[in-house]
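# Results of the structural survey
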Amino acid sequence: MFPFVPVVLLAAGATIVAAQRPADDNAFPHTKPNARATVEYRDEKVQAVAIYDYTQRNHETAWILVQVGVALAERGAVRRDSFSVVQPGGRSVPLATQEQFLADSQVITKLRQNARIFQREVISYFPKSADGEFIRWFALPGEGTVRDPAIVPSEHGVVIGDLYFRSPTLRWETGTHRLVFNNDKGHAELPIRLE
């Protein structure tokens, strides 16, 4: 009697499934997954790796943590403002400031403790001959000084470190976010899929 009802239900179900499916990988050219929550970007100017194992399933607070490594084809500076995260709705979230980081030191301490067992060596994704420079953009009291920029020490040198982002809405929604690296030496966009 109502032959169109199954068609409508089928179409509605397909729409719900599509909304839950991770973003099409074609939206992220030059990227490949290396593990459940590890992604690599590579073109002629930039190689970038993002590891976010803990954050993938633990993003109910204002903060997320992404381990990152960036190699450039030519020597240069990498500044804090080179990184941002674009949320599924299109809102761009800059890297947190040192002041924001310190203001939430208790939350950051807990985040670090919980994430520690998930952390891996980012440098292992780069050639063994690569020179490394650690990013020192965040420090809790007693951890030394913060310095900006980080310098890629040589051609195909690597900057490595932990990036902290604070959501303006104080939580990170489930879905595919976009980690953006952008400076005068290159550009990369990597999917950060939060479950």
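Residues numbered from 1 in each chain as written. Predicted model: local features only at pLDDT ≥ 70, side-chain atom pairs only at ≥ 80, totals over all residues. Heavy atoms only, no water.

## A word on helix α4 (residues 105-115)
Residues three or four positions apart in an α-helix share a direction because the helix packs 3.6 residues into each turn. Looking only at α4, the buried set comprises I108, L111 and A115. One side of α4 holds all its buried residues, which, seen down the axis, span an arc of 60°. Set apart from the buried face of α4 by more than 90 degrees, the exposed residues are Q106 and K110. Buried residues along α4 sit in contact with α2 (53-57), β4 (63-72), α3 (98-103) and β10 (158-166). (Buried < 20%, exposed > 50% of the residue type's maximum accessible area, 1.4 Å probe, protein only. Helix = DSSP H or I, 4+ residues; strand = E, 2+ residues; numbered from the N terminus. Arc of directions from axis to C-beta. Contact = heavy atoms within 4.5 Å.)

## So, the nonpolar core
Counting residues in each nonpolar core, the largest one holds 43 residues, and the members touching the most others are V70, F83, W137, F165 and L179. Here this core takes seven residues from β4, the largest share from any one element. Residues in contact with V70, not counting those within four places in the same chain, are V46, Q47, A48, F83, F126, G157, V158, V159 and F181. With eight residues, the next largest nonpolar core counts V49, F126, V158 and I160 among its residues. (Core = buried A, V, L, I, M, F, W, Y, C linked by side-chain atoms within 4.5 Å.)

## Here's the deal with the pattern of salt bridges
Using the criterion set out here, one finds eight salt bridges in the structure. Between E143 and R112 there is a salt bridge, with the nearest N and O atoms lying 2.5 Å from each other. Here R112 lies in helix α4 and E143 lies in the loop between β8 (132-134) and β9 (150-152), a separation of 31 residues in the sequence. The partly exposed category is assigned to E143, whose relative accessible area is 31%. Two residues, R178 and E189, come together in a salt bridge whose shortest N-O distance is 2.5 Å. (Salt bridge = Lys/Arg side-chain N within 4 Å of Asp/Glu carboxyl O.)

## Overview of the pairing of strand β11 (residues 175-183)
Across four bridges, strand β6 (residues 83-86) lies against β11 in antiparallel orientation. What sits directly across from S84, in β11, is V180. Examined bridge by bridge, β11 and strand β12 (residues 186-194) share nine bridges and lie antiparallel to one another. Across the sheet, residue N183 finds its bridge partner in β12, namely G186. (Pairing = 2+ DSSP bridges.)

## Here we look at the sheet that holds strand β2 (residues 38-42)
With respect to topology, six strands assemble into an open sheet ordered β1-β2-β3-β4-β10-β8, the strand pairing being mixed. The open sheet terminates on both sides in strands that have one partner only, identified here as β1 (31-35) and β8. When the angles between neighbouring strand axes are averaged without regard to direction, this sheet yields 25°. Pairing geometry for β1 and β2, over four bridges, is antiparallel. In the sheet register, T31 faces β2, and the bridge partner there is Y41. α4 rests against β4 and β10 of the sheet, and its axis sits at about 65° to β4. (Axes fitted to C-alpha atoms, helices over the stretch in contact; angles between N-to-C directions.)

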